[in-house]
Amino acid sequence: MDKKVIKNAIIKYLIDKGINRIELHTAMFDMDGVLFDSMKNHAYSWHETMKHFGMLLPYEEAYMHEGRTGAGTINIVSIRDRGYEASQEEINEIYAYKSSLFNTLPKAERMPGAYELLCKVKSSGIIPMVITGSGQKSLLERLQHNF
């Protein structure tokens, strides 16, 4: 998208909202699908996991649940396919299976341009923060290594 178009859209938004100045202090970045190209692995893992437990979560739908907690995703599918929420024990079992399957897949690569963008954000004095619903145990190591 053209920088001028983006700038004009921002100016229009600020005028429409009656905001005459923005002082950004923090920028938040999601991990999966923003910092790391991991959504195809999550979609595959969710699809296969739900199939294993007798439920259906198409690959495409898994993308729609990005950012949701594992328990939230499990309960949406459980209610739709079984007519009731999963128990905490079921949630733990299903999510552990999904995580185990996810961890067998090739590690997701850093998104193109993510490192450069984070450097630009930091150099401008804005504090970058990572937000994620991910349950990956290696999260901090991966962030440290890649960013």
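Residues numbered from 1 in each chain as written. Predicted model: local features only at pLDDT ≥ 70, side-chain atom pairs only at ≥ 80, totals over all residues. Heavy atoms only, no water.

K.L.:
Please set out the overall build of the protein chain residue by residue, giving values where relevant.
P.N.:
If you tally the helices and strands in the protein chain, you get 7 helices and 2 strands. Taken over C-alpha atoms, the radius of gyration comes to 19 Å for the protein chain, far larger than the 15 Å a tight globule of 147 residues would show. Along the three orthogonal principal directions, the C-alpha set of the protein chain runs to about 50 × 35 × 25 Å. Burial analysis of the protein chain (147 residues in total) assigns 34% to the buried set. Counted over contacts in the protein chain with a minimum sequence separation of 6, partners at least 24 positions apart contribute 68%. For the protein chain, the computed accessible surface area is about 10000 Å², with 58% contributed by carbon and sulfur atoms. (Helix = DSSP H or I, 4+ residues; strand = E, 2+ residues; numbered from the N terminus. Rg over C-alpha atoms; globule rule 2.2 N^0.38 Å. Buried < 20%, exposed > 50% of the residue type's maximum accessible area, 1.4 Å probe, protein only. Contact = heavy atoms within 4.5 Å. Areas by Shrake-Rupley, 256 points an atom, 1.4 Å probe, with all protein chains shown as cover.)

K.L.:
Summarise the packing of aromatic side chains; cite the residues concerned and give the values.
P.N.:
Inspection of the entire model under this criterion finds 3 aromatic pairs. Relative to tyrosine 95, the ring of tryptophan 46 lies with its centre 6.2 Å away and its plane at 50°, an arrangement referred to as tilted. Pair noted here: tryptophan 46 is in helix α2 (residues 39–52) and tyrosine 95 is in helix α5 (residues 88–102), with a separation of 49 residues, a long-range link. Given a relative accessible area of 22%, tyrosine 95 falls into the partly exposed group. Both rings, one in phenylalanine 53 and one in tyrosine 97, keep their centres 5.5 Å apart while their planes meet at 85°; by these two values the pair is edge-to-face. Placement of phenylalanine 53 in the loop between α2 and α3 (59–64) and of tyrosine 97 in helix α5 is noted, with a sequence separation of 44 residues between them. A residue is classified by how much of its surface remains accessible, and phenylalanine 53, at 22% relative accessible area, is partly exposed. (Phe/Tyr/Trp six-rings, centres within 6.5 Å; stacked < 30°, edge-to-face > 60°.)

K.L.:
Please set out α5 residue by residue, giving values where relevant.
P.N.:
Given a rise of 1.5 Å per residue, 15 residues ought to cover 21 Å, and the 21 Å separating the end C-alpha atoms of α5 matches this to within 8%. Buried within α5 are the following residues: Ile91, Ile94, Lys98, Ser99, Leu101 and Phe102. Down the axis of α5, the sector holding all buried residues measures 160°, keeping them to one side. On its buried face, α5 is in contact with α2 and α4 (70–82). (Expected span 1.5 Å × (residues − 1). Arc of directions from axis to C-beta.)

K.L.:
Give me the lowdown on the environment of aspartate 16, citing residues and values where you can.
P.N.:
Its place among the elements puts aspartate 16 in helix α1 (residues 3–17). For aspartate 16, a relative accessible area of 52% corresponds to the exposed category. A distance of 2.7 Å separates polar atoms of two side chains, one belonging to aspartate 16 and the other to lysine 12. (Polar contact = N/O pair within 3.5 Å; in protein donor to acceptor, adjacent residues only side chain to side chain.)

K.L.:
Pulling in residues and values, what's your account of the pattern of salt bridges?
P.N.:
All chains considered together, the criterion is met by 7 salt bridges. Across the pair glutamate 23 and arginine 21 runs a salt bridge whose closest N-O atoms are separated by 1.7 Å. Of the residues examined, arginine 21 reaches a relative accessible area of 60% and is grouped as exposed. The residue aspartate 81 makes a salt bridge to arginine 80 at a minimum N-O spacing of 3.2 Å. Under the relative-accessibility criterion, aspartate 81 is labelled partly exposed at 34%. Shared partners join several salt bridges into a network, and the residues in it are Glu61, Arg80 and Asp81. (Salt bridge = Lys/Arg side-chain N within 4 Å of Asp/Glu carboxyl O.)

Don't take any of this as a statement about function, it's just geometry.
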